[in-house]
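Structure at a glance
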Amino acid sequence: MNEPIRVLVVEDDPVAADAHVLYVGRVPGFVAVGKAHTGAEARRALDRTPVDLLLLDLHLPDVHGLQLARSLRAAGYHADVIAVTSARDLAVVREGVSLGVVQYVLKPFTFATLRDRLVRYAEYHAAAGEASGQDEVDRALATLRAPGPAALPKGLSAPTLERVTVTLRDCAGSGLTAAGVAEAVGISRITARRYLEHLVDSGRAARSPQYGQVGRPELQYRWVKG
């Protein structure tokens, strides 16, 4: 039986760190062996526990994540890195490649997004032996690349989905009904509900009944933060 891939979560926000540990534990073949809130804590954890993969926030209170990755490489640590960041600077992405960063996950993300990256990493991590040729090398590297955006269900458009997504995300604290989204976006209530249900099906939103009103309770939709 293969040993699970050991993951150290490095994230300064305690709530997010707990969520990421929970996410990792939900993916078969992975185990979260610890969490650290600073670069210094991460180094101490690596000294205590063997780690295969760092789930690394780039904005730590004591060091930038890429500086931490660089110092770890220089010190002989060989764990791969999945970088977690809200930054979208492609220069940072290029710099990370040489430091063992095999994937980037942009905040906020859902469990489904992280699960996809971990599953792909597991396939990459499992590759061993000698490649028979260029095609096999290409396939091993291709496992790390995320697929293109999935086709939307018939009748849904990407621009409208983006507007619905932004509207729901901006009200993450309170949530919205389909009627509320319809009014904010300028579409019909039925159309708004189709987009909201698509977000629920894809793991980016959750629904719950809204009680306290006369008659049948309305469904309340909330953005699910990763």
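Quick note: structure is the one above.
Heads up: these notes are all about the structure in this document. (Residues numbered from 1 in each chain as written. Predicted model: local features only at pLDDT ≥ 70, side-chain atom pairs only at ≥ 80, totals over all residues. Heavy atoms only, no water.)

1. Notes on empty space enclosed by the protein
Going by this rule: Here a cavity is any set of points on a 1 Å grid over the protein atoms alone where a 1.4 Å probe fits but cannot get out, and a pocket is any open set with protein on both sides within 12 Å along at least 5 of 7 lines; a residue lines the site when it has an atom within 4 Å of a point. Grid points are joined across faces, edges and corners, and a volume is the space filled by probe spheres set on the points. Strands are runs of DSSP state E lasting at least 2 residues, helices are runs of H or I lasting at least 4, and numbering of each runs from the N terminus. Asp, Glu, Lys and Arg are counted as charged, while Ala, Val, Leu, Ile, Met, Phe, Trp, Tyr, Cys and Pro are counted as nonpolar; the rest, among them Gly, fall into the polar class.
According to the stated counting rule, one finds 1 cavity of 30 Å³ or more in the structure shown. Of the voids in this model, the largest cavity is the one considered here, and its volume is about 50 Å³. If you trace the largest cavity, you find it lined by Leu-54, Ala-69, Leu-72, Arg-73, Tyr-77, His-78, Ala-79, Val-81 and Leu-99. Tallying contributions element by element places helix H3 (residues 65-74) first for the lining of the largest cavity, with 3 residues. Taken together, the residues of the lining of the largest cavity sort by class into 7 nonpolar, 1 polar and 1 charged.

2. Focus: the packing of helix H7 (residues 158-170) against helix H8 (residues 178-185)
Heads up, the condition is: Fitted lines through C-alpha atoms serve as axes, helices being fitted only where they are in contact, and the angles separating the N-to-C directions of these axes extend from 0 to 180 degrees. In this scheme the crossing of two helices becomes right-handed for a clockwise turn of the near helix relative to the far one and left-handed for an anticlockwise turn of less than a right angle. Any two residues having at least one pair of non-hydrogen atoms within 4.5 Å are treated as being in contact.
Closest axis-to-axis distance for the H7/H8 pair is 10 Å, and the angle between their directions is 120 degrees. Like other packed secondary-structure pairs, H7 and H8 cross with a definite hand, here right-handed. On H8, the residues that touch Arg-163, Val-164 and Thr-167 of H7 are Val-181, Ala-184 and Val-185. The residue makeup of the contact of H7 with H8, split by class, is 4 nonpolar, 1 polar and 1 charged.

3. Considerations on the layout of surface pockets
Space inside the second largest pocket adds up to approximately 260 Å³. Taken together, Asn-2, Glu-3, Pro-4, Ile-5, Arg-6, Pro-28, Gly-29, Asp-52, Ala-122, His-125 and Ala-126 make up the full set of residues lining the second largest pocket. Contributing elements (two or more residues each) for the lining of the second largest pocket: strand E1 (5-10) and helix H5 (111-126). Ranked by the residues each element gives to the lining of the second largest pocket, the list is headed by H5, at 3 residues.

4. Brief notes about the environment of Arg-222
Note the cut-off: Throughout this description, a polar contact denotes any pair of N or O atoms lying within 3.5 Å of each other; where both atoms belong to protein, one of them has to be capable of donating a hydrogen while the other can accept it, and for residues adjacent in sequence the pair is counted only when both atoms sit in side chains.
Relative to the elements of secondary structure, Arg-222 occurs in strand E7 (residues 218-223). Between the C-alpha atom of Arg-222 and that of Arg-169, which follows or precedes it by 53 residues, the distance is 7.7 Å. A distance of 3.3 Å separates the side chain of Arg-222 from the backbone oxygen of Ser-174, its partner in a polar contact.

5. So, the pattern of salt bridges
The cut-off we apply is this: Put simply, a salt bridge is a Lys or Arg side-chain nitrogen that is within 4 Å of an Asp or Glu carboxyl oxygen. Burial classes follow relative accessibility: with a 1.4 Å probe on protein chains only, a residue under 20% of its type's maximum area counts as buried, one over 50% as exposed, and anything between as partly exposed.
One pass over the structure, following the stated rule, counts 6 salt bridges. With a closest N to O distance of 2.2 Å, Asp-18 and Lys-35 form a salt bridge. Of the two residues, Asp-18 is situated in helix H1 (residues 14-25) and Lys-35 in strand E2 (residues 30-36); the sequence distance between them amounts to 17 residues. Residue classification places Lys-35 among the partly exposed positions, given a relative accessible area of 41%. Put simply, Asp-116, Arg-117 and Arg-120 are held in one network by salt bridges that share partners.

6. Looking at the packing of aromatic side chains
Defined as follows: Stacked, edge-to-face and tilted are the three classes for Phe, Tyr and Trp ring pairs, Trp counted by its six-membered ring, which pair at centre distances within 6.5 Å; planes under 30 degrees apart are stacked, over 60 edge-to-face, the rest tilted. For a lysine, the NZ atom is tested; for an arginine, the CZ atom; a charge sits over a ring if that atom is within 6 Å of the ring centre and within 35 degrees of the ring normal.
Taken as a whole and assessed by the stated rule, the structure comprises 2 aromatic pairs. Both rings, one in Tyr-121 and one in Tyr-124, keep their centres 6.2 Å apart while their planes meet at 50 degrees; by these two values the pair is tilted. Of this pair, Tyr-121 and Tyr-124 both sit in helix H5, separated by 3 residues, roughly a single helical turn. According to the relative accessible area criterion, Tyr-121 is buried, its value standing at 0%. Taking the relative accessible area as the measure of exposure, Tyr-124 reaches 27% and is therefore partly exposed. If you follow Arg-26 out to its NZ or CZ, it ends over the ring of Phe-111, 3.8 Å from the centre.

Interpretation note: all reported values are geometric properties and have no functional meaning in isolation.
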